[in-house]
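Breakdown of the fold
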Amino acid sequence: MKRVKPEPRSKIYWALSDFAVLTKRSMVYIVRNMDQALSTVFMPIMFLMLFRYVFGGAIETPGVSYVDFLFAGILVQTAAFGATYTAIGVTTDIRRGIVDRFKSLPMVSSAVLVGHTVTDLVRNTISAVIMVLVGLLVGFRPEANAFEWLLVLGILMVFTFAISWLSAIMGLLSKTVEGVQWMTFVFVFPVTFISSAFVPTASMPSALRAFAENQPVTHVIEAIRSLTVGTPMGSHGWLALAWSLAILIVSYLAAVYIFKRKTTAN
Amino acid sequence: MAKSKYAIQATNIHKSFGKLEVLKGLDLKIHRGTIVALLGPNGAGKTTMVRILSTLLRPDKGAVSIEGYDVVKDAHSVRSIIGLTGQYAAVDEYLTGRENLRMMGRLYHLSKEDTLRRSEELLEQFDIVGAADRYAKTYSGGMRRRLDLAASLIATPPIIFLDEPTTGLDPRSRLAMWDIIQNLVTQGTTILLTTQHLEEADRLAEYIVVIDEGKVIAGGTADELKSKAGRERVQFTFERDSDLKKAEKIIDGKTLEVDKKLKGLSVSNDKGVARVRQLLEKFENEKVRVTGMSLSKPTLDDVFMKLTGRKATHKDSHDESSDKKEAQL
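In this text, all values refer to a predicted model and were calculated from it rather than measured experimentally.

With respect to the interface of chain B and chain A
Listed by partner, the interface residues are 48 residues for chain B and 37 residues for chain A. The contact between chain B and chain A buries some 4,000 Å² in all, and 54% of this surface belongs to carbon and sulfur atoms. When the area that chain B buries against chain A is broken down by residue, the three leading residues are B:Tyr94, B:Leu107 and B:His109, summing to 19%. Across the chain B-chain A interface, the total number found is 5 salt bridges. In this structure, B:Asp92 and A:Arg25 form a salt bridge, with 2.4 Å as the shortest nitrogen-oxygen distance. Linking chain B to chain A there are 14 residue pairs in polar contact (both at pLDDT 80 or more).

With respect to the sheet that holds strand β6 (residues 82–85) of chain B
All names here are of chain B. Pairing is mixed in the open sheet, where 6 strands are placed in the order β6-β7-β8-β3-β9-β10. Here the strands that pair on one side only, and so sit at the sheet edges, are β6 and β10 (215–220). Neighbour-to-neighbour, the strand axes of the sheet open up by a mean angle of 15°, direction not taken into account. Sheet analysis places strand β3 (residues 35–39) next to strand β9 (residues 207–212), joined by 4 bridges and oriented parallel. Residue pairing in the sheet places Ala37 in a bridge with Ile208 of β9.

Let's talk about a nonpolar patch on the surface
Residues and elements named next belong to chain A. A contiguous nonpolar surface patch, about 450 Å² in accessible area, is contributed by Met49, Leu50, Tyr53, Val54 and Phe55. Residue position: Phe55 is located in helix α2 (residues 34–55). Here Phe55 falls in the partly exposed class, since its relative accessible area comes to 39%.

Section: the sheet that holds strand β4 (residues 61–66) of chain B
Residues and elements named next belong to chain B. The 4 strands are arranged β2-β1-β4-β5 in an open sheet whose pairing can be described as antiparallel. A single partner strand is all that each edge strand has here, and the edge strands are β2 (20–31) and β5 (69–70). Here strand β1 (residues 6–17) runs beside β4; their pairing, made up of 5 bridges, is antiparallel. Looking at the pairing, Ile8 lines up with Ile66 of β4. Running at roughly 120° to β1, helix α1 (residues 46–53) makes contact with β1, β2 and β4 of the sheet.

Considering the packing of aromatic side chains
Aromatic ring pairs are reported here in terms of the distance separating the ring centres and the angle at which the planes meet. Residue and element names in this part refer to chain A. Taken as a whole and judged by the stated rule, the model has 18 aromatic pairs over all chains. Each ring, one from Phe47 and one from Phe193, has its centre 5.9 Å from the other, and the planes form 55°; the classification is tilted. Of this pair, Phe47 sits in helix α2 while Phe193 sits in helix α8 (residues 177–193), and the two are 146 residues apart along the sequence. Owing to a relative accessible area of 17%, Phe47 belongs among the buried residues under this scheme. Here the aromatic rings of Phe51 and Phe55 are separated by 5.1 Å at their centres, their planes lie at 75°, and the arrangement is edge-to-face. Of this pair, Phe51 and Phe55 both sit in helix α2, 4 residues apart, which is roughly one turn of that helix. Clustering of aromatic rings is evident, with ring pairs tying together Phe47, Phe51, Phe55, Phe81, Trp182, Phe185, Phe189, Phe193 and Phe198. Looking at Arg9, its charged tip hangs above the ring of Tyr13, at a distance of 4.2 Å from the centre. The side chain of Arg225 reaches across the aromatic face of Phe69, ending 3.5 Å from its centre.

A few points about the domain arrangement of chain B
We note that the domain assignment places domain 1 (6–81 + 158–227 + 313–328) and domain 2 (231–297) within chain B. Relative placement of domain 1 of chain B and domain 2 of chain B: their C-alpha centres are 39 Å apart.

Re the side chain of B:Asn269
Residue and element names in this part refer to chain B. If you trace the backbone, Asn269 turns up in the loop between β13 (264–268) and α10 (272–285). Owing to a relative accessible area of 2%, Asn269 belongs among the buried residues under this scheme. Dropping the residues within four chain positions of it, Asn269 is found in contact with Glu232, Arg233, Val234, Arg275, Val276 and Leu295.

Examining the nonpolar core
Core analysis: the biggest nonpolar cluster contains 78 residues, and A:Leu22, A:Phe102, A:Leu113 and B:Ile208 have the highest contact counts within it. With residues up to four places along the chain from it excluded, the contact list for A:Phe102 reads A:Leu22, A:Arg25, A:Met107, A:Ser109, A:Val112, B:Met103 and B:Leu107.

Focus: the pairing of strand β11 (residues 233–238) of chain B
Residues and elements named next belong to chain B. The pairing of β11 with β13 spans 5 bridges and is antiparallel. Directly across from Phe236, in β13, lies its bridge partner Leu265. Pairing of β11 with strand β14 (residues 290–296) involves 6 bridges; the strand directions are antiparallel. Its bridge partner lying in β14, Thr237 is registered against Gly292.

The rules behind the values
Residues numbered from 1 in each chain as written. Chains lettered and ligands numbered in written order. Predicted model: local features only at pLDDT ≥ 70, side-chain atom pairs only at ≥ 80, totals over all residues. Heavy atoms only, no water. Contact = heavy atoms within 4.5 Å. Buried area = accessible area lost by both parts, 1.4 Å probe. Salt bridge = Lys/Arg side-chain N within 4 Å of Asp/Glu carboxyl O. Polar contact = N/O pair within 3.5 Å; in protein donor to acceptor, adjacent residues only side chain to side chain. Pairing = 2+ DSSP bridges. Helix = DSSP H or I, 4+ residues; strand = E, 2+ residues; numbered from the N terminus. Axes fitted to C-alpha atoms, helices over the stretch in contact; angles between N-to-C directions. Patch = residues over 30% accessible without salt bridge, like charges linked within 9 Å, V, L, I, M, F, W, Y side chains within 5 Å. Areas by Shrake-Rupley, 256 points an atom, 1.4 Å probe, with all protein chains shown as cover. Buried < 20%, exposed > 50% of the residue type's maximum accessible area, 1.4 Å probe, protein only. Phe/Tyr/Trp six-rings, centres within 6.5 Å; stacked < 30°, edge-to-face > 60°. Lys NZ or Arg CZ within 6 Å of the ring centre and 35° of its normal. Domains from an automatic or database assignment. Core = buried A, V, L, I, M, F, W, Y, C linked by side-chain atoms within 4.5 Å.

As C-alpha cells, this is what we get:
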C-alpha cells in the first residue's frame, strides 16, 4: 500500500488545527443532539416561568420588580447548568474509547477538552440570547445600553467558560455518564440556589447568608443585575471577573494535567 | 527512520495496577509485514499489552520499540506510524461515516486533499458508501466496526493494532471483518491482533502467541499449537452394534476411540473433508449404516489444557468488566 505522509507544517499550525477539528466535531452536537438542545432551552424557561408566576408573588425585592430582579439569576443559572455539558461529553468520550483513539494519534489530544468547552461557550451564548428574548416576553424591562449589554455578555462568557473547565475535571474523574450528571448537579444546584439568584440574601439564615453573599456566583449575578436593571454595582463587577478568571485558569491547568496523567502516565 | 529487524519488539514488559500484576515479563517480537495474534483468555493481559504498544500506557518495566522508536521516549513518532482499533468501536455517533473519516485524517495531520481522497477510498473499500452520509449512531454493529477500522487506516499506518476486532459481532459480520483483515496483510501491513478464539487466530494469523496471566506460555503457527492440543476429530454414530463393529475394522487406527454405549466412535482427522468423504464412502460400500457425524476442532481450551493443565479461565461477566476497568485506569 502506498504510504500517505503527514503534511509538513509547523507544530503550532497542527495544534490549532487539532483545536479547530475537535471544536467543529463537538459543535455539531448543538444541532444534531436534539435531547441536549431541548433541555438546554426548556429547563431555564421552565425555571423562569416558575419563579416569575408561581413563587415570584411571594418574594419581596426592594427597589426593583421581581421579574427584573429574577432575570440576572436565571441567566447565570442557565449558563452554569449549560456549562456542564462538557462533563458529560468528556465522560462519554472516555467511556466510548474515543479519548483512547485520540491519544493514539500524533495530535494534541487534550484538544478534545477544548472542543467541548468552546462548544459549551457557543451553546451558552445562544441560550443566553434566547433567555433574554423570553424574558422580554414575560415583562423583563432592562435599562442597559449597548455597551452595558456587551459587558453582560463578556462577564457571562468568562463565567460559563470557567464552569465548563471545572466540569471538564468532573468529566475526567467520573466513571459513568450517570455519575457525572449527578456530580455536576450536586455542584451546580447549591451554588446557584444559595446565591442571590432568586431571592434577596437578606432573608436567609446568617450562616447561609454569609456564604451566599460572598460566593462567586452571587458576584456574577449582582454584576449582571446591576448592568441590566441598575441595582448598585459595588465591587461585584471586579469580583465576578476575578473569580471567573481564577476558576478558569486553575481548572484549565488542572484539567489538562489530569487528562495527561489519567491517559498516559501510569 | 531508525530501522530495526522487527516492526514490533517488546522486552520484559511488566505492568501492575495497584497490587494487581497484569503483565509479568512479557516478550514479543514481530517481523515486518506479518500478522500475529495474541491469544489468551479474559484477564490474560492482552488489552493492557496493546495499550502499552500503542503508547496509551507506560510499562512499569521493560522496553518497547515500534519500527525503532521507543514508545515512551518517542511516543509522538510512534503515533504517526500506528493505527489502533480498540475493543469498542470508537466512532463519533453524531458524525456521519464520511465525517468520522475526514476528522481522523486531519487528526493524523494529513493534508486536506489526502484526507478527502483517502476517506472516499476507504468508504469504497469498506462498503460504507451507501451509508456514508448517515450518522454513525444509525449503523449496525458490523458497520461501526468497519468504520472504526477504516478510521485507523486513513493515514496508511504500516503497523496496526486490533484489539478483539470481532468481539460482539454476528457470524456474518465476523466473516466480513476477517476478509478485510486478510486483505490488509497482503498489502504489507504489520498487524497485531488480540483474540480469545483459536479459530480466529488460526484463520488470520501467521504466528500465534499464547499468553496467560501476563506471560507468554507458547508461540507458534496455528498448526504447531493444534498439534500440541490434539488434532481435529471426526465422530460417527451408527444404527446397530454390528455397524459399529464393521466400522471399527474399516478405520482401525491408533487414534480410534470407541463408545459402545452410544454406538459411536471417533478418530483424529488431519486431512479435513477429504478424509471424511473417504470414510463415508467406505461405510457405504460395506453397507454400514451411519446415523450421525460431527467434527470437533481443538479450541483454546484444548490448547490451554495441554499447555497449563487447566482450563482457560472463564471469568464471568462481572470479572470481565472489572478487567476492562483496570485496563483503563
